[in-house]
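Now for the letters of each chain:
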2 protein chains.
Amino acid sequence: MVQKYGGSSLESADRIKRVAERIVATKKAGNDVVVVCSAMGDTTDELLDLAQQVNPVPPEREMDMLLTAGERISNALVAMAISAHGSEAWSFTGSQAGVVTTGVHGNARIIDVTPSRVTEALEQGYIALVAGFQGVAQDTKDITTLGRGGSDTTAVALAAALDADVCEIYSDVDGVYTADPRIVTNARKLDTIPYEEMLELAASGSKILHLRSVEYARRYGVPIRVRSSYSDKPGTTVAGSIEEIPVEQALITGVAHDRSEAKVTVTGVPDHAGAAARIFRVIADAEIDIDMVLQNVSNTAGRTDITFTLSKANGPKAVAELEKLKGELEFDSVLYDDQVGKVSLVGAGMRSHPGVTATFCEALAKVGVNIEIINTSEIRISVLIRDAQLDDAVRAIHEAFELGGDEEAVVYAGSGR
Amino acid sequence: MVQKYGGSSLESADRIKRVAERIVATKKAGNDVVVVCSAMGDTTDELLDLAQQVNPVPPEREMDMLLTAGERISNALVAMAISAHGSEAWSFTGSQAGVVTTGVHGNARIIDVTPSRVTEALEQGYIALVAGFQGVAQDTKDITTLGRGGSDTTAVALAAALDADVCEIYSDVDGVYTADPRIVTNARKLDTIPYEEMLELAASGSKILHLRSVEYARRYGVPIRVRSSYSDKPGTTVAGSIEEIPVEQALITGVAHDRSEAKVTVTGVPDHAGAAARIFRVIADAEIDIDMVLQNVSNTAGRTDITFTLSKANGPKAVAELEKLKGELEFDSVLYDDQVGKVSLVGAGMRSHPGVTATFCEALAKVGVNIEIINTSEIRISVLIRDAQLDDAVRAIHEAFELGGDEEAVVYAGSGR
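Residues numbered from 1 in each chain as written. Chains lettered and ligands numbered in written order. Predicted model: local features only at pLDDT ≥ 70, side-chain atom pairs only at ≥ 80, totals over all residues. Heavy atoms only, no water.

Visitor: Looking at this model, I keep getting lost on the overall build of chain A. Mind explaining?
Guide: Of regular secondary structure, chain A possesses 12 helices and 20 strands. Expected size for 417 residues packed as a compact globule is a radius of gyration near 22 Å; at 23 Å, chain A falls within 12% of this value. Projecting the C-alpha coordinates of chain A onto the three principal axes gives extents of approximately 75 × 55 × 35 Å. By residue count, 56% of the 417 residues in chain A fall in the buried class. Partitioning the intrachain contacts of chain A with sequence separation of at least 6 by distance along the chain shows that 76% fall at a separation of at least 24. (Helix = DSSP H or I, 4+ residues; strand = E, 2+ residues; numbered from the N terminus. Rg over C-alpha atoms; globule rule 2.2 N^0.38 Å. Buried < 20%, exposed > 50% of the residue type's maximum accessible area, 1.4 Å probe, protein only. Contact = heavy atoms within 4.5 Å.)

Visitor: What's the story with the pattern of salt bridges in this structure? I'm lost.
Guide: Pairs can form between side chains of opposite charge once their charged atoms are near each other. With the rule as written, the count across this model stands at 52 salt bridges over all chains. With a shortest N-O distance of 2.6 Å, D291 of chain A and K342 of chain A are connected by a salt bridge. Within this pair, whereas D291 of chain A is found in strand β15 (residues 290–295), its partner K342 of chain A is found in strand β18 (residues 340–346), the two being separated by 51 residues in sequence. One network of salt bridges, with partners in common, ties together R61, E62 and D142 of chain A together with R117 of chain B. (Salt bridge = Lys/Arg side-chain N within 4 Å of Asp/Glu carboxyl O.)

Visitor: Please explain the UniProt feature "domain: ACT" (unreviewed entry) in chain A as it appears in this structure.
Guide: The positions that UniProt labels "domain: ACT" (unreviewed entry) are, in the present scheme, residues 264–348 of chain A. Note that residues 264–348 of chain A is 28% helix and 40% strand, and that its end C-alpha atoms are spaced 31 Å apart. (UniProt positions renumbered as here; feature names shortened; annotations may be inferred.)

Visitor: Would you take a moment to explain helix α8 (residues 275–285) of chain A for this structure?
Guide: For an α-helix the count is 3.6 residues per turn, leaving residues at separations of three or four pointing the same way. All names here are of chain A. Every buried residue of α8 is accounted for by A275, I279, V282 and I283. Considered in projection along α8, the buried side chains sweep an arc of 100° and stay on one side of the axis. Looking at the buried positions of α8, the neighbouring elements they touch are β14 (261–270), β15, β16 (303–311), α9 (315–323) and α10 (326–329). (Arc of directions from axis to C-beta.)

Visitor: I tried to follow helix α5 (residues 150–161) of chain B on my own but got confused; where do I start?
Guide: Residue and element names in this part refer to chain B. Taking 1.5 Å of rise per residue, 12 residues should cover 16 Å, and α5 covers 16 Å from first to last C-alpha, within 8% of that figure. Burial analysis of α5 places 10 of its 12 residues in the buried class, the great majority of the element. All buried positions along α5 are accounted for by G150, S151, D152, T153, T154, A155, V156, A157, L158 and A159. Where α5 ends, the next residue or the one after it, D163, has phi of about 55°, a positive value. (Expected span 1.5 Å × (residues − 1).)

Visitor: I'm lost on the relation of the copies chain B and chain A in this one. Help?
Guide: Relating one copy of the chain to the other takes a rotation about an axis and a shift parallel to that axis. Once turned by 180° and shifted 0.0 Å along the axis, chain B lies on chain A with an RMSD of 0.1 Å. Those values place the two copies in the arrangement expected of a two-fold rotation axis. When C-alpha distances to the rotation axis are compared across chain B, the minimum falls at A69 of chain B, with a value of 2.4 Å. Here 100% of the interface residues in chain B have copies in chain A that are interface residues too; the copies meet face to matching face. (Least-squares fit on C-alpha atoms with pLDDT ≥ 70 in both.)

Visitor: Quick question: what am I supposed to make of the environment of T267 of chain B here?
Guide: Residue and element names in this part refer to chain B. Inspection of the secondary structure puts T267 in strand β14 (residues 261–270). Between the C-alpha atom of T267 and that of G355, which follows or precedes it by 88 residues, the distance is 34 Å. A polar atom in the side chain of T267 sits 2.7 Å from the side chain of S333. (Polar contact = N/O pair within 3.5 Å; in protein donor to acceptor, adjacent residues only side chain to side chain.)

Visitor: Is there a simple way to explain the pairing of strand β18 (residues 340–346) of chain B in this structure?
Guide: The side chains of a regular strand alternate between both faces of the sheet. All names here are of chain B. The buried count for β18 comes to seven of seven residues, which makes it a mostly enclosed element. Here β18 shows a buried face lined by V340, K342, S344 and V346 and a second buried face lined by G341, V343 and L345. Two elements, strand β13 (residues 254–258) and β18, share five bridges in a ladder whose sense is antiparallel. From the neighbouring strand, H257 faces β18, where its bridge partner is V343. One ladder, built from seven bridges, connects β18 with strand β20 (residues 380–386); its direction is antiparallel. Its bridge partner being in β20, G341 is matched across the sheet by I385. (Pairing = 2+ DSSP bridges.)

Put into structure tokens, the structure is as follows:
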């Protein structure tokens, strides 16, 4: 089995020893164990800070050389701690473990995983540690880092390449809940959740697992178990497809929310073919991803407003790029609003249950929440609202679809990642 | 040219920026520059401490994986700082730079250096940074560290492989002196010193350069320049052989001292062939190096005392191993004395100038220093004395051979490494 431990599970020598105990226990229970470790708690931030001090715009190749030191340190320490607990372990860098990637520093994608040294270690009875978040570029042989969700993705990719039974992802939350337990006190922990629903939750703001690691798991059929490194609870299993769930049993699964987006509106855009395309092309060329889109019907003057959401981090850049288009497209203005929030309902059940959208909107109306943009997929409804109303909206929807359990949810300090 | 910067030259973001300025200036003066960096000031100690916390006896393979993170960090940061100063730089691990070693973790020896990626970087106009103190094991492909003097050795080995004009070793001392300037206030900085004399100084306690890096330089004819990273002074050049110095001009060069040794005496050893051999074999099997040896003439009872010196760190182990031999060899006792010190005079001139030994011993007698063991080579005289008398001995010898300059030596904070 493959286990992945995040930075907060490894933030001190003491936590490292606890993690080592768990790993050794897993091995003694008869498993071949491969462990992926992120860097210790604050290490990545400290390294980033040092880098900033010597160069405000550090070259990306060197940033990858620098940051990968963090995972090297944590994996070697965990291997040492395992050794102190009576088992033997070898640590490997992403490169040594055969994680081959594209050459995009800071955001490399995994091309292939050929873990022969890991397999060899397992055959000799060792526990193998593999540094997460990193690999080696196929062409240049430079060291690369994998961007957001990199360690989770490393773990799942290894599990796929090694044909592991399961990939356990450890953090300080003990599973996937029907809603964020810090907002909804009677949120219920899910025992299992199919891949497609987990994908939608991850895409809608849930920080438990990263989208790309869930997609990788779905593609290769790797079951993921989300567990807490602070307890022995079984957690939530992410596995199976919604296609396998009998239509009559499909459910509404959970509510996700997202505070990280902002809204951009280009007003008074002349309503001719190509205007919208031009706007979206400029945004795409700036390498900015767009989420929700809304285009009003043209008013009597033949002008329209185009609205879309994007990550707050990209807001200023998007506005700047659009302002440059003003002369060419002759629109009225670019408006920027970062006080928006997104709330989403996810569940395979909505495919077969008419009225879900109605119930959803009624629940929001009842607590006075106005819907600004609405966006749906087969198994998800998302709306953009005022961010001040997010908590109320999450509770109202959770209540309306009777997702709550009887007990109060257990909330760990620092939970959510 | 190859430049090597030690941990104290790199102990903060600020020092790193200064070092980067110097490197960029060197490149702009028209040189191809390769830089070897040790880990930043306290990093290695901090990593060792973390290791100790998770395992009091950490496995060696993992210790190498852990410690090499330190050099990775410093080299990436220096590369970034260079980039901020207008040049471009790529950092490489020892493995990436083609430093191939034996498989002895913690004390690997360099087998070969094939720096093709470094050469490529230079050809493209980049400055190349190479992590010191590390390489990759030829057979296992595991990462190894090179033991004491590892970073200096990496730098010299690279200089040899790249056919560099010179290898500059930077620390917080501005050159090689005729004696430790903290003990002898009128010690003079040497402009140049031949390899064999530097080897003797290094073997006799001088901490400026490590023995193995000087030997490597001598073997491959690489000139070494010892300089301070805090000033622009030219430092001391280590190059040339004593064979090249005309006999008449050969000099007495300097005085070294060493407080790191202890003395072991096995008393009342039955004087038959094989007894001494047995003693030294036992010590050798314990992987303990011996320095000076003294065997008294047999007394009337046909017994002799055998005395030798070794590093204090190995003292207790040596005594323990010898105690085990008591029954077999029937000697009287094993004595241990760690209050000894060694003082040495080095210079090619002593080969052709009779009376050097006499002058040496007279100088010591004049200040009341008793000689316990004496040991010579063609160009060195070393004596073991009471460590409390070391400073007096160093000064007396320095005076007797008129090695001093007119000015007071400049002593930097923390000088000596």
